[in-house]
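# Fold and contact review
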Protein chains: 2
Amino acid sequence: MVKSHEVDPTMTESRIMEAARKVFILHGFEGTTMQQIADQAGINKSLLHYYFRNKEKLFESVFAFAFRQFVPQIQDILVSHATVTEKIERMVSEYMDLLLKNEILPAFILHEINRNPDRLYAIMQNTGLDVNMFVHSFRVEMEQNKLRPMDPRHLIVNMLALCVFPVAARPLVQRVLFSNDTELYNRFLQERKKEVARFIIQSIQV
Amino acid sequence: MVKSHEVDPTMTESRIMEAARKVFILHGFEGTTMQQIADQAGINKSLLHYYFRNKEKLFESVFAFAFRQFVPQIQDILVSHATVTEKIERMVSEYMDLLLKNEILPAFILHEINRNPDRLYAIMQNTGLDVNMFVHSFRVEMEQNKLRPMDPRHLIVNMLALCVFPVAARPLVQRVLFSNDTELYNRFLQERKKEVARFIIQSIQV
DNA sequence: GTCTATATTGTGATAGAC
DNA sequence: GTCTATCACAATATAGAC
């Protein structure tokens, strides 16, 4: 039933998505042209409009996909029955690995959520991200006098900040503090995992 | 000697700069059109090319100006003869004030240095930013056994991360942790000054 | 120094053949 | 489902009048 000149449509659609993902993440929404994406996917411009109605829709698909990449792995750790200290160690280490494997994503996401914050509304609903889980288990341990009393939201923001910033600001930091030596900065980021975990854990101990 | 229809050229040039600064910082290089800048400045498109040769040159002027805004105030603190602890407290407080007065700048700078890291080369040479000053005074105190032995570069990155990230990622953090309540998040950021200083200082004590 | 008019190219998007 | 051809418009940039 399938003629020889036909190709699995799912194949083409995913190729477009992958191509769009690469180009959008690298250059942002405004910095990307439909032509660039078509070239990257090895197909014609018109096909982009056939599968995704317009540039905006295509971008939304890509952005939602990229955004969700960062959620589930954290979620797994959050719902585990480990202590807060153990959770922090795992989260910092795994999250920094994830960031280093997707170096350009942080700056991309930061830029796009500032360009159009409303986009978050649609996406956040589907992620099912539940920070309350973490906040709750922190409060439990806190009340048992095992942890210093503090607003858990500072803890969360600190963790994100210490992991995300060094990657998002790499061009600047690597240049100012490491003579723009990429290999040197990579080693710094690796040893940083222990450093950040220590820093965070120390901040919640009495 | 000045005819009535003539206007101080310096006046026009600075008006263009101010207009370009607003629009570029808000929408980024690719997201900004020369028409938008001309409208914002209340002049004609052609005048932009008269004063600055092209869009790229105009952007470079704006970016260099915006970037340098964040340097001198830190510099003053770095060269002072205060102890490291005092320097940290002042830096965190004053830097977060600076960031909050220019909320959109961090995401803008992060995006643009990733889009074109080479731009930093030209700018960094003129800033005269000397991190060695801070690193040195930290090493001195460290050797006197007053401070925990650690790589000062972690300290610097931590400080920057904890201050910059909550501002650059406001749309996301405010939405997830503060039900998108701007006033609530502002208070959180204010009380955060003390928190961050405490975190940092605690991390360098033996 | 400032404007109008225009050149030139690039862009997102659609129509229609196959 | 995929392509070619093309539209309609927007973008940067320049020429030239005043």
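Scroll up a little and you will see the structure.
This section reports on the structure supplied with the text. Each chain carries its own residue numbering, running from 1 in the direction its sequence is written. Going through the entries in the order they are written, you letter the chains from A and number the ligands from 1. Per-residue local features are limited, in this predicted model, to residues with pLDDT of at least 70; the limit for side-chain atom pairs, both in listing and counting, is 80 or more; totals at the level of whole chains, interfaces and linings are taken over all residues. As a rule here, side-chain values come from all non-hydrogen atoms in the structure, and water together with hydrogens is ignored.

## Remarks on the packing of helix H4 (residues 55-68) of chain A against helix H7 (residues 105-115) of chain A
Residues and elements named next belong to chain A. To be explicit about the condition: Geometry is summarised by axes, namely lines fitted to C-alpha atoms with helices restricted to the contacting stretch, and by angles between N-to-C directions that run from 0 to 180 degrees. Per the convention used, a helix needs a DSSP run of H or I reaching at least four residues, while a strand needs a run of E reaching at least two, with both numbered from the N terminus. An angle below 35 degrees is treated as roughly parallel, one above 145 as roughly antiparallel, one from 65 to 115 as roughly perpendicular, and anything else as oblique. Here a crossing is called left-handed whenever its near helix is offset anticlockwise from the far helix by less than a right angle, and right-handed whenever the offset is clockwise. Contacts are assigned to residue pairs with any non-hydrogen atoms lying within 4.5 Å of each other. Nonpolar residues are Ala, Val, Leu, Ile, Met, Phe, Trp, Tyr, Cys and Pro. Charged residues are Asp, Glu, Lys and Arg, and all others, Gly as well, are polar.
Put simply, H4 and H7 touch, their axes get as near as 11 Å, and they point 125° apart. The angle between H4 and H7 places the two elements in the oblique class. In the packing of H4 onto H7, the handedness of the crossing is left-handed. Of the residues in H7, those touching H4 at Phe59, Phe63, Ala66 and Phe67 are Leu105, Phe108, Ile109, Glu112, Ile113 and Arg115. When grouped by side-chain class, the residues that make up the contact of H4 with H7 number eight nonpolar, no polar and two charged.

## Brief notes about the pattern of salt bridges
Here is the rule: Criterion for a salt bridge: a side-chain nitrogen of Lys or Arg within 4 Å of a carboxyl oxygen of Asp or Glu. The classification of residues rests on relative accessible area computed with a 1.4 Å probe and restricted to protein chains. Under 20% of the type maximum is buried, over 50% is exposed, and intermediate values are partly exposed.
Tallied over the entire structure, the rule returns 16 salt bridges over all chains. Between A:Arg170 and A:Glu103 there is a salt bridge whose closest N-O contact spans 2.8 Å. Of this pair, A:Arg170 sits in helix H11 (residues 170-178) while A:Glu103 sits in the loop between helix H6 (84-101) and H7, and the two are 67 residues apart along the sequence. For A:Arg170, a relative accessible area of 12% corresponds to the buried category. The residue B:Arg90 makes a salt bridge to B:Glu94 at a minimum N-O spacing of 3.3 Å. Here B:Arg90 pairs with B:Glu94, and both are found in helix H6 (residues 84-101), just four residues apart, close to one helical turn. Overall, B:Arg90 belongs to the partly exposed group, its relative accessible area being 39%. On the accessibility criterion, B:Glu94 (31% relative accessible area) is partly exposed. One network of salt bridges, in which partners are shared, links A:Glu30, A:Glu112 and A:Arg115.

## Regarding the nonpolar core
Heads up, the rule is: The nonpolar core is taken to be a set of buried Ala, Val, Leu, Ile, Met, Phe, Trp, Tyr and Cys residues, with the residues joined through side-chain atoms within 4.5 Å.
In this structure, A:Ile88, A:Leu155, B:Ile88 and B:Leu155 are the most contacted members of the largest nonpolar core, which totals 141 residues. Setting aside residues no more than four positions away along its own chain, B:Ile88 makes contact with B:Leu155, B:Met159, B:Ile200, B:Ile201 and B:Ile204.

## Remarks on the state of the cysteines
Test applied: In this description, a disulfide is simply a cysteine sulfur pair whose atoms lie within 2.5 Å.
This model, assessed by the stated rule, comprises zero disulfides over all chains. Not engaged in a disulfide, the cysteine A:Cys163 finds its nearest cysteine sulfur in B:Cys163; these two sulfurs lie 16 Å apart. Residue A:Cys163 is classed as buried on the basis of its relative accessible area of 2%.

## Quick look at helix H9 (residues 131-143) of chain B
In an α-helix, one full turn covers 3.6 residues, which means residues spaced three or four apart are oriented alike. Test applied: Every helix has an expected span of 1.5 Å times one less than the residues it contains. As used here, the arc belongs to the directions running from the helix axis to the C-beta atoms.
Across its 13 residues, H9(B) extends 19 Å between first and last C-alpha, which sits within 8% of the 18 Å expected from 1.5 Å per residue. Of the positions making up H9(B), those classed as buried are B:Val131, B:Phe134, B:Val135, B:Ser137, B:Phe138, B:Glu141 and B:Met142. An end-on view of H9(B) places all buried positions within 165° of arc, on one side of the element. More than 90 degrees from the buried face of H9(B), the exposed residues found are B:Asn132, B:His136 and B:Glu143. The inward-facing, buried residues of H9(B) contact H11 of chain A together with helix H5 (72-79), H6, helix H10 (152-168) and helix H12 (182-204) of chain B. Directly beyond the C-terminal end of H9(B), a positive phi value near 60° is found at B:Asn145.

## A closer look at the packing of helix H10 (residues 152-168) of chain A against helix H12 (residues 182-204) of chain A
Residue and element names in this part refer to chain A. Put simply, H10 and H12 touch, their axes get as near as 10 Å, and they point 170° apart. Regarding the angle of H10 to H12, the classification is roughly antiparallel. Contacts from Leu155, Asn158, Met159, Leu162 and Pro166 in H10 reach Tyr185, Leu189, Arg192, Val196, Phe199, Ile200 and Ile204 in H12. Taken together, the residues that form the contact of H10 with H12 break down as 10 nonpolar, one polar and one charged.

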